[in-house]
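Residue-level structure breakdown
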Amino acid sequence: NSYPTHKIISGNINFCINERMKDKLISADFDPSTVFVTGDPFFDDLKLTTINNQCEKKLDKIKILFCPTPRHEHGLTSKKKEFHLIINVINKILNENDLEVALKLHPSSSIMEEYANELDGKIKKSITFYQSENLLKLLSKYDVLLTYGGTNAITSAILNQKPVINLNFKTDLTGEVVFYDDNLITQCRDI
């Protein structure tokens, strides 16, 4: 729902990643005979590199790696709304539990200083920021991946048998759920 679709972008052949997207295109008046489900081309060259899924525990705290999707950077929501979401989620986790949270920003779309400035003084406890670090190596140090929208971090976590919690508030803020399988991903529908 959060990705605008209009018939003006239809072509003679329209490839899409899943049946939900096909239905969305058809409901936007794309000619059904031109719409084909081909899967996600991201997986075509995916190297199945896995990690040891045992978290390197030094403390008894559960460690959460929060990978926000760069929605405001891509013009899909407002910067203010997205930072409000990130701050509220982190504070909710840290206020009600004795957990550790780290924030892994998108390596190319996000600006580290922007996040650090926006979160400064608004997060109740100290958190670690990552950006250019190898996601697979980070996943080996954390127990759970927390995210929203359609980040490929979900794929890496699932392939490495890490639990995934996806914020799915059905708004432009958390975005359209791209990866949806209740056997693999826990959908969190309310903060």
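The paragraphs below set out a description of the structure included in this document. Everything numeric here is computed off the predicted structure, so don't read it as measured data.

The geometry of an aromatic ring pair comes down to the distance between the two centres and the angle between the two planes. Tallied over the entire structure, the rule returns three aromatic pairs. Ring centres of Phe 66 and Tyr 148 lie 6.2 Å apart, and the angle between their planes is 70°; on these two criteria the pair is classed as edge-to-face. Note that Phe 66 is positioned in strand β3 (residues 63-67) and Tyr 148 in strand β6 (residues 144-148), a separation of 82 residues in sequence. For the pair shown, Phe 66 and Tyr 148 are each scored as buried. Taking 6.2 Å as the distance between ring centres and 85° as the angle between the ring planes, the aromatic pair formed by Tyr 130 and Tyr 142 counts as edge-to-face. A residue pair is termed long-range when its members are at least 10 positions apart, and Tyr 130 in strand β5 (residues 128-130) and Tyr 142 in the loop between α4 (135-139) and β6 qualify at twelve residues. Residue Tyr 130 is classed as buried on the basis of its relative accessible area, which comes to 15%.

This part covers the pattern of salt bridges. Summed over all chains, the structure comprises four salt bridges. Between Lys 79 and Glu 118 there is a salt bridge, with the nearest N and O atoms lying 3.9 Å from each other. With Lys 79 in helix α2 (residues 79-96) and Glu 118 in helix α3 (residues 112-119), this pair connects stretches of sequence that are 39 residues apart. On the basis of relative accessible area, Lys 79 is assigned to the partly exposed category, the value being 34%. Judged by its relative accessible area of 26%, Glu 118 is partly exposed. One salt bridge in this structure joins Glu 96 and Lys 92, with 2.8 Å as the shortest N-O distance.

The rules we used
Residues numbered from 1 in each chain as written. Predicted model: local features only at pLDDT ≥ 70, side-chain atom pairs only at ≥ 80, totals over all residues. Heavy atoms only, no water. Phe/Tyr/Trp six-rings, centres within 6.5 Å; stacked < 30°, edge-to-face > 60°. Helix = DSSP H or I, 4+ residues; strand = E, 2+ residues; numbered from the N terminus. Buried < 20%, exposed > 50% of the residue type's maximum accessible area, 1.4 Å probe, protein only. Salt bridge = Lys/Arg side-chain N within 4 Å of Asp/Glu carboxyl O.

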